[in-house]
Amino acid sequence: MSAVTQFHADAERTTADVPRRDFIRRALHGYEVKRDESKSAFANWQHARDAAAAIKYEAVNHLDRYLLEFEEKFTARGGKVFWASSGAHARRYILDLARERGVKSIIKSKAMTSEEIHLNFVLERHGYEVVESDLGEFIQQLKHEAPYHFVFPCMHLKRDEISALFEKELGSAPTDSPEELTTIARRFLRRFYISADMGISGANFIVAETGMISITENEGNARLATAMPKIHVALIGIEKVVPRLADLALLLPMLATAGTGQNITCYNSMYGGPRQEGEIDGPEEFHVVLLDNHRTRLLADAQQRDALHCIRCGACLNVCPIFKNIGGHAYGTTYQGPIGSVITPHFRGLQDWKHLSGASSLCGACTEACPVKIDIHHHLLHNRRNAVAEKKVWWERAIWFGFVQLMSRPWAYRLASRLAPVGQWFHPFLQNSGLDPLAAWTKTREFPQAATPTFGDYWQQRKAVRK
Ligand code: SF4
């Protein structure tokens, strides 16, 4: 099934599930209240957005310089940097590393880059035991489902569903208590932290100045998953670099505020290399895989380059009316919601994924919410324009040709206005006979009533009265 057919089928199914939609809406509303409270910790949220956008602009427009600076400082402390041009390239490096070091089990902390390149699937196919340690990701792994939202992976699940899943997969007793559910997962995961040979993480930021990576989280699992195994591999998109350590003083609280409505997330860790002489803990080997995977294609597009400013806070998803209705899985992508609809066509092919840019009301709520001021809804328009410029669709061209003819000839427009009520009268017969050419559109919508009198009639009457 093509991506667009799958999208329509999934979106239709999820929009019909009204109780689930209500559940998601309530959850997202709660988040919006928390986010707005948390914004008050900033002297001026709009100025903070300007400053954050300026940091990301500088970083993305000097990506070459800052990434090399990071590499130089990180390798000086014994870390290894691998430049992966594609998902396959990154997977091959990690697989080779695991094989050469005799790895058997791998513990992971949340890394959307690993979802992007289907790393778990490939590692498991090669016989490695892979366990997700982030609670939401762990639940989704047990369910054999992709994350629903790239910040809140299992936000669509209710407590009783998680309890039933744990009962089935882990043999635990049913419970309605979030604390007990967390304890069940924690108990199960603990032994993997101790036994895993390799820890795989992503990162929220790469700091060029200090040659470090920054991971921000709420569960403490990333610290355990990266510090206890002998090998730490961090798989990070190249756009995550920032120039200076001081930049995090703004970006970390902004990410927490926009992402989860917190002033700051519970754990903020900096990792600068493998265990140094005299240190008692930390990995013996530390590899950073810098993932391109079509990011440089987006970088080359001067008009849309700022989509790489994204800090993956998820705020644009949380306010998006489309996301609220179709949910995360319908997108069929690693990065859901408005930003996913902008970048996925660049990462996975414009023609196959252009439908995502059409799944927007262009209300601009995403742009308004974005802490780094990405002009998201205009990027969706750019994608639509680029898709048409790249490959013309004959029936769209025919429709627009007809529209132009109609609108540029007053007599034709008047004639169409007169015929519209006839078409309206005739339409139910077409619907009942299954011959309605607008069936896909009218399936979920009322066909608009032709106005009587028309605006033209009204205008003529008005002119007559004034004479
Ligand atoms: S586009 Fe902006 S709002 Fe959306 S996830 Fe990225 S940083 Fe957050």
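Above this text sits the structure in question.
Here the structure is a predicted model, which means the values were calculated and not measured. (Residues numbered from 1 in each chain as written. Predicted model: local features only at pLDDT ≥ 70, side-chain atom pairs only at ≥ 80, totals over all residues. Heavy atoms only, no water.)

1. A few points about the overall build of the protein chain
From N to C terminus, the protein chain includes 24 helices and 10 strands. With the principal axes as the frame, the protein chain shows a C-alpha extent of 95 × 55 × 45 Å. Burial statistics for the protein chain: of 467 residues in total, 48% are counted as buried. Of all intrachain contacts in the protein chain linking residues separated by at least 6 positions in sequence, the fraction that spans at least 24 positions is 74%. Of the roughly 23,500 Å² of accessible surface on the protein chain, 57% is carried by carbon and sulfur atoms. (Helix = DSSP H or I, 4+ residues; strand = E, 2+ residues; numbered from the N terminus. Buried < 20%, exposed > 50% of the residue type's maximum accessible area, 1.4 Å probe, protein only. Contact = heavy atoms within 4.5 Å. Areas by Shrake-Rupley, 256 points an atom, 1.4 Å probe, with all protein chains shown as cover.)

2. What about the packing of helix α9 (residues 159–170) against helix α10 (residues 178–195)?
In the contact formed by α9 and α10, the axes pass within 11 Å of each other and the chain directions differ by 30°. One way to sum up the angle between α9 and α10 is to call them roughly parallel. Seen along the crossing, α9 lies across α10 with a hand that is left-handed. Of the residues in α10, those in contact with Arg159, Ile162, Ser163, Phe166 and Leu170 of α9 are Pro178, Leu181, Ile184, Ala185 and Phe188. Per-class residue counts for the contact of α9 with α10 are 8 nonpolar, 1 polar and 1 charged. (Axes fitted to C-alpha atoms, helices over the stretch in contact; angles between N-to-C directions. Parallel < 35°, antiparallel > 145°, perpendicular 65-115°, else oblique. Left-handed = near helix turned anticlockwise from the far one by under 90°. Nonpolar A, V, L, I, M, F, W, Y, C, P; charged D, E, K, R; others polar.)

3. Focus: the sheet that holds strand β5 (residues 205–207)
Within the open sheet, the 4 strands sit side by side as β8-β5-β6-β9. Their pairing is mixed. Each edge of the open sheet carries a strand with a single partner, namely β8 (241–242) and β9 (267–271). As paired elements, β5 and β8 share 2 bridges and run parallel to each other. Bridged to Ile206 within β8 is Val241. (Pairing = 2+ DSSP bridges.)

4. A word on the packing of aromatic side chains
Applying the stated rule across the entire model yields 16 aromatic pairs. Plain terms: the ring middles of Phe323 and Tyr331 are 6.3 Å apart, the flat faces sit at 25° to each other, and that makes the pair stacked. Residue class for Tyr331 comes out buried when judged on its relative accessible area of 1%. Ring centres 6.4 Å apart and planes at 45° place the aromatic pair Phe426 and Phe429 in the tilted group. Separated by 3 residues within a single helix, Phe426 and Phe429 lie in helix α22 (residues 410–432), roughly one turn from each other. Through successive ring pairs, a cluster of aromatic residues spans Phe7, Tyr148, Phe323 and Tyr331. Across from the ring centre of Phe188, 5.0 Å away, lies the NZ or CZ of Arg191, which sits over that ring. (Phe/Tyr/Trp six-rings, centres within 6.5 Å; stacked < 30°, edge-to-face > 60°. Lys NZ or Arg CZ within 6 Å of the ring centre and 35° of its normal.)

5. Overview of the pairing of strand β6 (residues 212–217)
Taking burial as the measure, the 6 residues of β6 include 5 buried ones, the bulk of the element. Looking at chain direction, β5 and β6 are connected through 3 bridges and run antiparallel. Bridged to Val207 within β6 is Met212. The loop that links β5 with its antiparallel partner β6 comprises 4 residues; one of these, Gly211, has a positive phi angle of about 65°. With 5 bridges connecting them, β6 and β9 associate as antiparallel partners. Bridging across to β9, Thr216 finds its partner in Asn268.

6. What about the site of the ligand?
Cys310, Cys313, Gly314, Cys316 and Cys370 are the nearest of the 14 residues found near the ligand. The cavity that encloses the ligand is the second largest cavity. Here the shell around the ligand is composed, by residue class, of 12 nonpolar, 1 polar and 1 charged. (Near = heavy atom within 4 Å. 1 Å grid on protein atoms, 1.4 Å probe; cavity = no way out; pocket = protein on both sides within 12 Å on 5 of 7 lines; lining within 4 Å. Sits in = over half its atoms within 2 Å of the grid points.)

7. Quick word on helix α5 (residues 87–100)
Between its first and last C-alpha, α5 extends 20 Å over 14 residues, near the 20 Å set by a 1.5 Å rise per residue. The complete set of buried residues in α5 reads Gly87, Ala90, Tyr93, Ile94, Leu95, Leu97 and Ala98. Turning to α5, the residues buried within the fold contact β1 (80–84), α7 (119–125), β4 (198–201), β7 (231–237) and β10 (285–291). Directly beyond the C-terminal end of α5, a positive phi value near 70° is found at Gly102. (Expected span 1.5 Å × (residues − 1).)

8. Quick look at empty space enclosed by the protein
Evaluation of the coordinates by the stated rule reveals 3 cavities of 30 Å³ or more. Counted as a void, the largest cavity has a volume near 100 Å³. Broken down by secondary-structure element, the contributors of at least two residues to the lining of the largest cavity are α15 (321–326), α16 (337–348) and α19 (365–369). With 3 residues, the single largest contributor to the lining of the largest cavity is α16. (Points joined across faces, edges and corners; volume = space filled by probe spheres on them.)

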